[in-house]
Amino acid sequence: MVKLASLDRKLLRDLWHIRAQALAIALVIACGVATIVMAYGTLRSLEQTKDAYYERYRFAEIFAVLKRAPLSLVDRIALIEGVASVDTRIVEQVVIDVPGMDRPATGQLLSLSEDPETGLNHFAIQLGQRPSPVENDEVVVSENFAEAHELNPGDQFSAIINGRKRLLTIAGIALSPEFVYAIGPGQMVPDDKAFGIIWMNRSALEAAFDLKGAFNEVSVTLMRHAQEPHVIARLDFLLEPYGGVGAYGRVDHFSDTFLRNEFVQLRVIGRAIAPIFLIVAAFLLHIVISRLVETEREQIGLLKAFGYTDRDVGWHYFKFVTAIATIGILIGLVGGVWMGRGLTNIYADFFRFPFLHYEMDLGVVGIAVFVTLLSASAGMASSVRKAVKLAPAVAMAPPAPARYKRTLLEQTTWFRKASTGAHLILRHLEHRPLRALLTSLGVAMSGSLLVTTFYFFDATDELLDVYYFLSQRQDISIGYNQSKDERIYYEASRLPGVLRAEPFRAVPVKLKLGHRVERVSLLGVPEGAQLSRLLDKEGEVITLPQDGVVLTDMLAENLQARPGQDLIVEAMDERRPKVVLPIVGIVEQYVGLSAYMNLAALDRVMGGGKAQSGAHLLVDKSQEAAFFATIKETPAISGATVKASAIQSFRDTIAESMYIMIGFYIGFASIITFGVVYNAARIALSERGRELGSLRVLGFTRAEVTYMLLGELFILVIIALPVGSVLGYAMAAYMAYAFESDLIRIPLVIYPSTLATAACVTLLSAILSAIAVARRVYGLDLISVLKTRE
Amino acid sequence: MYTFKTQNITKVYGTGEVQVHALRGVNVEIDEGEIIVLLGPSGSGKSTLLNILGGLDHPTAGEVFFKDRELTACDDRALTQFRREEVGFVFQFYNLIPSLTAQENVALVTEIAREPMAPEEALAIVGLEQRLDHFPAQLSGGEQQRVAIARAIAKRPGILLCDEPTGALDNETGIVVLEAIERVQSELGTTTALITHNAVISGMADRVIFMANGQIAKIETTANKQKARDLHW
Ligand SMILES: Nc1ncnc2c1ncn2[C@@H]1O[C@H](COP(=O)(O)OP(=O)(O)OP(=O)(O)O)[C@@H](O)[C@H]1O
Ligand SMILES: [Mg+2]
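Residues numbered from 1 in each chain as written. Chains lettered and ligands numbered in written order. Predicted model: local features only at pLDDT ≥ 70, side-chain atom pairs only at ≥ 80, totals over all residues. Heavy atoms only, no water.

Turning our eyes to something else, we now look at the overall build of chain A. Looking only at helices and strands, chain A features 22 helices and 22 strands. C-alpha extents for chain A along the principal axes are approximately 100 × 65 × 50 Å. In chain A, buried positions account for 58% of the 790 residues. Taking contacts inside chain A between residues at least 6 apart in sequence as the whole, the part at least 24 apart equals 82%. Taken as a whole, chain A presents about 33600 Å² of accessible surface, with 58% of it coming from carbon and sulfur. Separation of charge centres in chain A, based on 77 positive and 80 negative side chains, amounts to 11 Å. (Helix = DSSP H or I, 4+ residues; strand = E, 2+ residues; numbered from the N terminus. Buried < 20%, exposed > 50% of the residue type's maximum accessible area, 1.4 Å probe, protein only. Contact = heavy atoms within 4.5 Å. Areas by Shrake-Rupley, 256 points an atom, 1.4 Å probe, with all protein chains shown as cover. Lys, Arg positive; Asp, Glu negative; His and termini not counted. Charge placed at Lys NZ, Arg CZ, Asp CG, Glu CD.)

Set out below in structure tokens:
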């Protein structure tokens, strides 16, 4: 057995003596380390997995949709400088009718890439196989869709393809990097039941859509140093005569954008939350070590008197702190890797990555260890310095009795009237202002973590409330196959059960202001629309002016546009009209980038007569079945979005991607509060044990004595609650800001009930730790306090 | 009528191998209003006896009666109540609350007493009316001990228990402290028990109890009781 130096034996014994406190601090540290390892480890694993996924299945880098172009154009595209490979497809949207589903679903038809070597955008077969090249009614469907409908290879469903209903047989089920996040028309978030990807033999689609020897979508990959904007410009130029509506890179690719946003969120969470733990850990270490050095004054003097150097003494306390930090780091690493693996699996499931690399990233571990030691060092610095500086003679002289002062507060009559117990509590608060401050701040930070965490629930509710209940008030939205003329409006209102119908027109446009360009949908809304309404910042309904465009605030921000400015609007349809329109208003909208116009005005400026893209409907519940049955048979209607199920799937999506993390953080926040309050109470107890014992001897009950000990902490926790709310609001504001993307903006609202819940959780964990300490007050040895001198 | 009566109390510390018999059968009656001085060598069980009388500790065996109440049958809560209502303690090491001023240290006890005197009054009895707002750190040892006495007497206790109240003081200060105790006893009729190592102090007692080895060796009734101010050592 190794013989420990006496000083190390003292260290171990001291550690053992304050084991409960040390463990509480170690746990707070562990939370910080675990957060870093979990957030960044998950992030790295997911990013690596994503990259491998993209590469293995040859996810393209530039995409362009057009009306129709001959295959001969491919050679010219391949010649564009920087293009590595080119592949073309036929893409169409159709209504599908799945057995057992009353409403119709929307299908995205894609032609299969023929050459697995040179082709692009391949899928990963999960079940079954590719369709046989000669079977024109065999398809591969996306796994999300298949699972939502419990479809298997061999099952059948029908689709209305170019106006004719066809029975399709599932040959295989697949995943694709293009559709990690697949969203149907009019949906806010994926609704796997309502939207599916369907791959078919190219020859089948060529025949069905009369595109023999032609294509209507092209994808490109780039060479290493290619200039993406240049390639996009050339591609637009080449495709323009063929009805090209503008090429775009991965930055504008829906699924990739979604993934990027998710990764940003993971990073933001790690960056915003991990420091809280490490700061609080530094607070706690500071409190504990300064107390330790204080009580061991005489021992330090003795050690120095016997010839230990200042360095030995400093080193001793340094090791003490490092030991606690190391325990925390180890727990945090194990917990972080475990949680990171779990979280990565959850995310990988959620994203449906066909494979997954979880790697414990040594770089991340190194960073976690480094920042933790840094915060521990910050926590101990002043106390260790004090120990080093202590002159032995001073240290060994009997300690001067603690000096208390009268302070400002005591001049008030309120203070004079307060009970002596209250005096005691207030004096102690004022006696150690730094400790009181750090304790209160520590609890406040835990509270802020809770507020931030719960804030996501509020944001979701607010989002749904504003978007779906105030703004989008329809039951069902339907989309039309192509922009038909206004007659369809009348048809929509005559569909069974329709109580009200409001048409809309969506034109893909490029908006230009100065050198800024945004690709968005310009939406035409009829005058007096009741279902799809626009709201201003105060939530008031806006009536669209007769002329000019209204932008969502996010879009206005991206373009740096202000009302009154002129905007160049370039439609990305066949005729590509280009007009200049004034910006007449800004609307508040959390979801998506869009621009709005009066429908009649839109028809006018686009030329070519009246057109519609779909309609928002109010439908009589009792006639829904008849309604769905009819639209399934209507070739002109390409799909329907049911609001209730969209809301459900939004909640489910949020639930999956966010609530797991939230659960972790509620636990973590409780650990912080518990750790802070417990430490403060234990230290107060150790400082004042004698005093409390004396009070008990004088006839104070245990409850009274406990009140005098914990009243101080109670005040600190009460002060911490509003501070935590404010900090939490600030953090929520940062999160909302950092999470903002083109897809979605998270509203910054925190309901009072959220603050109350956070306060309750904080109080509860404070009370738990108070109980743990109160038990010690109850066990106080009364006689021993009389025997010893302080 | 006695204030305290003990019947065969013993106190054994520790279990198993090493046992310390601090008290080995103590029988004593203390009358109302008398001053008792406890003398005896270190370790003879004086403090143990005083603590048991004051309701701070339980004897291992035997019974303690306070008037007609059996203290040994009381639970912790009842003992706390007993201390609160009846007992004033003065300790060798003062045990003042460092964060409270002299006045507040006294007020701490008067706030929970039934018919207390004003803290200022109690402090005047011990001659500290000028030092009301001083913290313990700003008072000398003797002054601190006098605050402790003021704290003990301010609730007009029926019993005053003092464990070496002058142990840490010089003789001048010691006499001032004893005078305070004496004055309280005569003004309030408080039953007083006082532990000391200073045999001279027994001059102010009605009776002196000599303890040795956990037992009462003898009890002497003082022939000519002296005033504290007439004591010399
Ligand atoms: N908590 C304890 N555990 C073990 N033994 C104890 C304990 N308290 C007191 N004793 C022992 O009981 C005996 C009596 O102690 P007590 O404190 O009553 O003596 P005392 O007469 O007051 O002595 P002194 O004059 O030194 O204060 C001593 O032998 C002491 O060692
Ligand atoms: Mg003693």
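Once that is clear, we can look at the sheet that holds strand β1 (residues 2-13) of chain B. Residue and element names in this part refer to chain B. With antiparallel pairing, the four strands of this open sheet are ordered in space as β2-β1-β4-β5. The strands lining the two open edges of the sheet, one partner per strand, are β2 (20-31) and β5 (69-70). Taken together, the nine bridges between β1 and β2 define a ladder with antiparallel strand orientation. By the bridge assignment for β2, Ile9 is matched with Val26. The sheet strands contacting helix α1 (residues 46-53) are β1, β2 and β4 (61-66), and the helix crosses β1 at an angle near 125°. (Pairing = 2+ DSSP bridges. Axes fitted to C-alpha atoms, helices over the stretch in contact; angles between N-to-C directions.)

This next bit is on the interface of chain B and chain A. Every contact between the two is made by 28 residues of chain B and, on the other side, 34 residues of chain A. Of the roughly 2900 Å² buried at the junction of chain B and chain A (both faces included), carbon and sulfur atoms supply 59%. Note that Asp76 of chain B and Arg702 of chain A form a salt bridge whose closest N and O atoms lie 2.9 Å from each other. For the interface between chain B and chain A, the tally reads six residue pairs in polar contact (both at pLDDT 80 or more). Among the secondary structure elements, those contributing two or more residues to the side of chain B that touches chain A are α2 (76-86) and α3 (102-110) of chain B. Residues belonging to the side of chain B that touches chain A are distributed by class as follows: 13 nonpolar, six polar and nine charged. (Buried area = accessible area lost by both parts, 1.4 Å probe. Salt bridge = Lys/Arg side-chain N within 4 Å of Asp/Glu carboxyl O. Polar contact = N/O pair within 3.5 Å; in protein donor to acceptor, adjacent residues only side chain to side chain. Nonpolar A, V, L, I, M, F, W, Y, C, P; charged D, E, K, R; others polar.)

Another aspect to go through is the packing of aromatic side chains. All chains considered together, the criterion is met by 25 aromatic pairs over all chains. Taken together, a centroid distance of 6.4 Å and an interplanar angle of 45° make the contact between Phe454 of chain A and Phe457 of chain A tilted. Taken as a pair, Phe454 of chain A and Phe457 of chain A lie in helix α14 (residues 433-471) at a separation of three residues, close to a single helical turn. What makes Phe454 of chain A buried here is its relative accessible area of 11%. Measuring from ring centre to ring centre gives 5.7 Å for Phe4 of chain B and Phe66 of chain B, while their planes differ by 55°; the resulting arrangement is tilted. Within this pair, whereas Phe4 of chain B is found in strand β1, its partner Phe66 of chain B is found in strand β4, the two being separated by 62 residues in sequence. Judged by relative accessible area, which is 1%, Phe4 of chain B ranks as buried. (Phe/Tyr/Trp six-rings, centres within 6.5 Å; stacked < 30°, edge-to-face > 60°.)

Residues and elements named next belong to chain A. Averaged over every residue, the pLDDT of chain A is 84; residues scoring 70 or more account for 93%. Per-residue pLDDT, averaged within each element of chain A, yields its smallest value for helix α11 (residues 392-396) (61) and its largest for strand β6 (residues 138-142) (94). A low-confidence stretch, residues 483-487 (pLDDT under 50), is modelled with nine contacts involving residues beyond four sequence positions or located in other chains. (pLDDT = per-residue confidence, 0-100.)

Before going further, it helps to spend a moment on the confidence of the model for chain B. Detailed reading of predicted coordinates is not advised where the pLDDT is low. On average, residues of chain B score 89 in pLDDT, and 100% of them are at 70 or above. Predicted complex, confidence summary: ipTM 0.73, pTM 0.75.

Our next topic: the pairing of strand β17 (residues 549-552) of chain A. All names here are of chain A. Alternating residues of β17 divide into Val549 and Leu551 and Val550 and Thr552, and every residue in both groups is buried. Here β17 pairs with strand β20 (residues 594-598) via two bridges, running antiparallel. Considered in β20, the bridge of Val550 is made with Tyr596.

All names here are of chain A. Two numbers describe how helix α9 (residues 310-351) lies on helix α10 (residues 362-389): the axes approach to 9 Å, and their chain directions differ by 150°. When the axis of α9 is compared with that of α10, the two are roughly antiparallel. The way α9 lies across α10 gives a crossing that is right-handed. Contact residues: α9 offers Asp310, Val313, Gly314, Tyr317, Phe318, Val321, Thr322, Ala325, Ile329 and Leu333, while α10 offers Val365, Val369, Thr372, Leu373, Ala376, Met380, Val384, Ala387 and Val388. In the contact of α9 with α10, the residues fall into 15 nonpolar, three polar and one charged. (Parallel < 35°, antiparallel > 145°, perpendicular 65-115°, else oblique. Left-handed = near helix turned anticlockwise from the far one by under 90°.)

What follows covers unusual backbone geometry. All names here are of chain A. Backbone geometry at Asn121 places phi at a positive 55°, although glycine is not the residue there. Positioned with a positive phi, Glu150 is a non-glycine residue whose angle comes to about 50°. Mapped onto the fold, Glu150 is located in the loop between α4 (143-148) and β7 (156-161).

On to the environment of Val697 of chain A. Residue position: Val697 of chain A is located in helix α19 (residues 643-697). On a C-alpha basis, the gap between Val697 of chain A and Asp652 of chain A in space is 60 Å, while along the polypeptide they are 45 residues apart.

A separate point is the packing of helix α7 (residues 254-295) of chain A against helix α20 (residues 702-739) of chain A. Residue and element names in this part refer to chain A. Taken N-terminus to C-terminus, the directions of α7 and α20 make an angle of 160°; their axes are 9 Å apart at the nearest point. Taken together, the axes of α7 and α20 lie roughly antiparallel to each other. Two packed elements cross with a definite hand, and for α7 against α20 that hand is right-handed. Across from Val264, Gln265, Val268, Ile269, Arg271, Ala272, Ile273 and Ile276 in α7, the residues of α20 making contact are Met731, Tyr734, Met735, Ala738 and Phe739.

Moving on, we come to the nonpolar core. Burial of nonpolar side chains together is a common tendency in soluble globular proteins. Within the largest apolar cluster, 140 residues are counted, with the highest numbers of intra-cluster contacts made by Ile273, Phe351 and Leu695 of chain A. Inspection of this core shows a minimum of three residues originating in each of domain 1 (61-257) and domain 2 (432-473 + 644-790) of chain A. Not counting chain neighbours up to four residues away, the residues in contact with Leu695 of chain A comprise Leu424, Phe700, Val705 and Met708 of chain A together with Ile97 and Leu108 of chain B. Counting residues in hydrophobic clusters, the runner-up holds 38 residues, among them Leu96, Ile149, Leu160 and Val208 of chain B. (Core = buried A, V, L, I, M, F, W, Y, C linked by side-chain atoms within 4.5 Å. Domains from an automatic or database assignment.)

Residues and elements named next belong to chain A. Summarising burial for β20: five of the five residues are buried, a large majority. Of the two faces of β20, the one holding Ser594, Tyr596 and Asn598 and the one holding Ala595 and Met597 are both buried throughout. Inspection of the sheet shows strand β14 (residues 516-525) paired to β20 by five bridges, in the parallel sense. Looking across to β20, one finds that Ser521 is bridged to Ser594.

Turning to the environment of Leu692 of chain A, a few remarks are in order. All names here are of chain A. If you trace the backbone, Leu692 turns up in helix α19. Residue classification places Leu692 among the buried residues on the basis of a relative accessible area of 0%. Expressed as a C-alpha distance, the spacing of Leu692 and Met731, which sit 39 residues apart in the sequence, is 40 Å. Contact partners of Leu692, with chain neighbours within four places excluded, come to Leu685, Val705, Leu709 and Leu780.

A word on the sheet that holds strand β10 (residues 214-222) of chain A. Residue and element names in this part refer to chain A. Read from one edge to the other, the open sheet built from four strands follows the order β2-β10-β1-β11, with strand pairing classed as antiparallel. Looking at strand neighbours, the two that pair on one side only are β2 (83-89) and β11 (248-249), the edges of this open sheet. Two strands pair when backbone bridges link them, and strand β1 (residues 62-70) and β11 are joined in this way by two bridges, in the antiparallel orientation. Residue pairing in the sheet places Ile62 in a bridge with Gly249 of β11. Sheet strands touched by helix α6 (residues 228-239): β1, β2, β10 and β11. Its angle to β1, the strand with the most contacts, is close to 15°.

Glancing now at helix α13 (residues 420-431) of chain A. With twelve residues, α13 of chain A extends 16 Å between its outermost C-alpha atoms, agreeing within 8% with the 16 Å of an ideal straight helix rising 1.5 Å per residue. Among all positions in α13 of chain A, only Thr420, Gly421, Ala422, His423, Leu424, Ile425, Leu426, Arg427, His428 and Leu429 of chain A are buried. (Expected span 1.5 Å × (residues − 1).)

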